[in-house]
Amino acid sequence: MSDPAGMPSREPLRVPRVDLGSLLRGTVDGRFPEADGLFSRAAPWRDGVEGALAFTGHAVMVVGEDVTDGELAGLGVHGFGGAHDPRVATILAGEGPIGALDALLVRRGTGSGGPLVPRPDLAVTDRAAHAGEWRTEVDVYGLPDRAITSLATLSRGIGGLPEVGIQADDGHGDTLLDGILGRLPTTEIVLASVTPGNARSLRFFLRHGFVPVASEQLWKPRRVRAS
């Protein structure tokens, strides 16, 4: 197979494969990849979605095996910021859409329950639609009062782990997030992806005990292969 357009080849090279879900679960207990300046690879958790995660001094590339390790290295992927060079996402995505560069935060569930109920009537909102674009098994929750349109999504996100999204412009954000955390046992972690420029949202999740563990950027690949 010929190289993607603009993608240099460097062979042979073999980088480690990792289980991204297990790796992310370890971050809650302070276990991180070694800051060796290198990168590893993980299998995509959803067909049609890829991404790059950068931890301190180490990157994890979630890219289909049609792209070789040598091609990734040839793009300048490494653990000291190279995975987030805009050219990397642009070339790997090809003609596909590219998501925002986000901070990835984690914490454990609380198992405490809460007042949330399923709200399928809110599944057509922009927040729910966005979750469905990048995640699977999207459930939409809200408060019992149907006049309240604030919502929370709980889905399978990065690494196949639970991921939360909140849309609350009317003061119910704390209740929604506490309710999502209450639906998960203390043995499970939940992820939140937050654009760093959205400082209010970042402060909100930090206030609720989430901690930043990595940066991440997702894309939907439609790679152009040179003839």
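Structure: see above.
This text gives an overview of the structure that appears in the document. (Residues numbered from 1 in each chain as written. Predicted model: local features only at pLDDT ≥ 70, side-chain atom pairs only at ≥ 80, totals over all residues. Heavy atoms only, no water.)

1. Some remarks on the overall build of the protein chain
Check the secondary structure of the protein chain and you find six helices and 10 strands. Relative to a compact globule of 227 residues, whose C-alpha radius of gyration would be 17 Å, the protein chain shows 18 Å and is just as compact. By its C-alpha atoms, the protein chain is 60 × 35 × 25 Å across when sized along the principal axes. Side-chain charges in the protein chain split into 23 positive and 28 negative, and the spacing between the mean points of these groups amounts to 2 Å. (Helix = DSSP H or I, 4+ residues; strand = E, 2+ residues; numbered from the N terminus. Rg over C-alpha atoms; globule rule 2.2 N^0.38 Å. Lys, Arg positive; Asp, Glu negative; His and termini not counted. Charge placed at Lys NZ, Arg CZ, Asp CG, Glu CD.)

2. What to know about the nonpolar core
Judged by nonpolar contacts, the single largest core of 21 residues is most densely connected at V164, I166, L177, I180, V190, F205 and F210. Where this core is concerned, the elements lending two or more residues are β4 (102–108), β7 (151–156), β8 (162–167), α5 (173–182), β9 (189–194) and α6 (199–207). Looking at this core element by element, the count peaks at four residues for α5. Once you skip the residues sitting within four places of it in the chain, V164 turns out to touch R135, T153, L177, I180, V190, L191, A192, F205 and F210. With 20 residues, the next largest nonpolar core counts L20, A42, V106 and I158 among its residues. (Core = buried A, V, L, I, M, F, W, Y, C linked by side-chain atoms within 4.5 Å. Buried < 20%, exposed > 50% of the residue type's maximum accessible area, 1.4 Å probe, protein only. Contact = heavy atoms within 4.5 Å.)

3. Details of the pattern of salt bridges
Between side chains of opposite charge, pairing is possible as soon as their charged atoms come close. One pass over the full model with this rule turns up 16 salt bridges. It is possible to trace a salt-bridge network through shared partners that takes in R17, R41, E65 and D69. (Salt bridge = Lys/Arg side-chain N within 4 Å of Asp/Glu carboxyl O.)

4. Quick word on helix α1 (residues 20–27)
In an α-helix there are 3.6 residues to a turn, and that puts residues three or four apart on one side. α1 sits mainly inside the fold: six of its eight residues count as buried. For α1, the full list of buried residues reads L20, G21, L23, L24, G26 and T27. Looking at the packing, one finds that the buried side of α1 touches β1 (39–42), β2 (50–55), β3 (58–62), β4, β9 and β10 (211–219). For α1, the capping residue at the N-terminal end is D19, with a side-chain oxygen 3.1 Å from the backbone nitrogen of G21. (Polar contact = N/O pair within 3.5 Å; in protein donor to acceptor, adjacent residues only side chain to side chain.)

5. Details of the pairing of strand β6 (residues 136–142)
In this sheet, β6 lies alongside strand β5 (residues 117–118) in antiparallel orientation, the contact comprising two bridges. Residue V117 lies in a different strand from β6, and its bridge partner there is G142. (Pairing = 2+ DSSP bridges.)

6. Some thoughts on the packing of aromatic side chains
One pass over the structure, following the stated rule, counts two aromatic pairs. On the numbers, 5.2 Å between centres and 80° between planes, the contact of F204 with F205 is edge-to-face. Considered together, F204 and F205 belong to a single accessibility category, that of buried residues. Through a chain of ring-to-ring contacts, the aromatic side chains of F204, F205 and F210 assemble into a single cluster. (Phe/Tyr/Trp six-rings, centres within 6.5 Å; stacked < 30°, edge-to-face > 60°.)

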